[in-house]
Amino acid sequence: AQTFVVKQDGLVSGAYYTKVDLFFASKDPNLGINIEIRRTENGYPTTDVIPYSRTSIKSADVNISDDGSEKTTATFENPVFHQTTELGNLMWMKM
């Protein structure tokens with residue numbers, strides 16, 4: 001999991017995400033990865049998933065490298081909006 005925040009830039013109240021790049025050193029040969037963005041409370045992820053932020057990647061499509069040079073792109077089905085006033089938490093777990 002990775003906690004993040006959207007910086008406010010002028011009058012912008014948030015950001016839309018269409019994809020995220022992840023980097024893996026290893027993977028399960030059979031189990032893929034589930035990805036979702038959750039709201040954060042007191043520094044910890046909640047069970048509240050931000051709408052449209054769930055996606056998954058099959059194991060065969062997960063790229064690995066020892067030095068972080070190979071990215072794996074997770075694309076969301078719809079743009080995901082995240083407000084500047086909220087901490088977000090990017091979660092990834094085995095399917």
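The following paragraphs examine the structure supplied in this document. As the structure is a computational prediction, the values presented were derived from the model and not from experiment. (Residues numbered from 1 in each chain as written. Predicted model: local features only at pLDDT ≥ 70, side-chain atom pairs only at ≥ 80, totals over all residues. Heavy atoms only, no water.)

## Topic: the pattern of salt bridges
Right, so step 1: As enumerated under the stated definition, the model contains four salt bridges in all.
Right, so step 2: Arg38 serves as the salt-bridge partner of Glu36, at 2.6 Å between the closest nitrogen and oxygen.
Right, so step 3: On the basis of relative accessible area, Glu36 is assigned to the buried category, the value being 7%.
Right, so step 4: Put simply, Arg54 and Glu36 hold a salt bridge, and the shortest N to O gap is 3.0 Å. Of this pair, Arg54 sits in the loop between strand E4 (44-49) and strand E5 (55-57) while Glu36 is found in strand E3 (residues 33-41), placing the two residues 18 residues apart along the sequence.
Right, so step 5: Members of the salt-bridge network, linked through shared partners, are Glu36, Arg38 and Arg54. (Salt bridge = Lys/Arg side-chain N within 4 Å of Asp/Glu carboxyl O. Buried < 20%, exposed > 50% of the residue type's maximum accessible area, 1.4 Å probe, protein only. Helix = DSSP H or I, 4+ residues; strand = E, 2+ residues; numbered from the N terminus.)

## So, unusual backbone geometry
Right, so step 1: Notably, Asn42 is not glycine yet its phi reads approximately 55 degrees, a positive angle.
Right, so step 2: Within the secondary structure, Asn42 is located in the loop between E3 and E4.
Right, so step 3: Under the relative-accessibility criterion, Asn42 is labelled exposed at 69%.
Right, so step 4: Its identity is not glycine, yet Tyr52 carries a phi of approximately 70 degrees, on the positive side.
Right, so step 5: The residue Tyr52 is located in the loop between E4 and E5 in this model.

## Regarding the side chain of Thr55
Right, so step 1: Tracing the chain through its elements places Thr55 in strand E5.
Right, so step 2: In terms of polar contacts, Thr55 uses its side chain to reach the backbone carbonyl oxygen of Thr75, at 3.1 Å.
Right, so step 3: In this structure, Thr55 is in contact with Ile33, Asn34, Ile35, Ala74, Thr75 and Phe76, ignoring residues within four places of it in sequence. (Polar contact = N/O pair within 3.5 Å; in protein donor to acceptor, adjacent residues only side chain to side chain. Contact = heavy atoms within 4.5 Å.)

## Focus on the environment of Asn34
Right, so step 1: Relative to the assigned elements, Asn34 resides in strand E3.
Right, so step 2: Along the primary structure Asn34 and Met93 are separated by 59 residues, whereas in three dimensions their C-alpha atoms are 5.3 Å apart.
Right, so step 3: Not counting residues up to four positions away in its chain, the partners in contact with Asn34 are Thr55, Ser56, Met91, Trp92, Met93, Lys94 and Met95.

In short, shape yes, function no, at least from these values alone.
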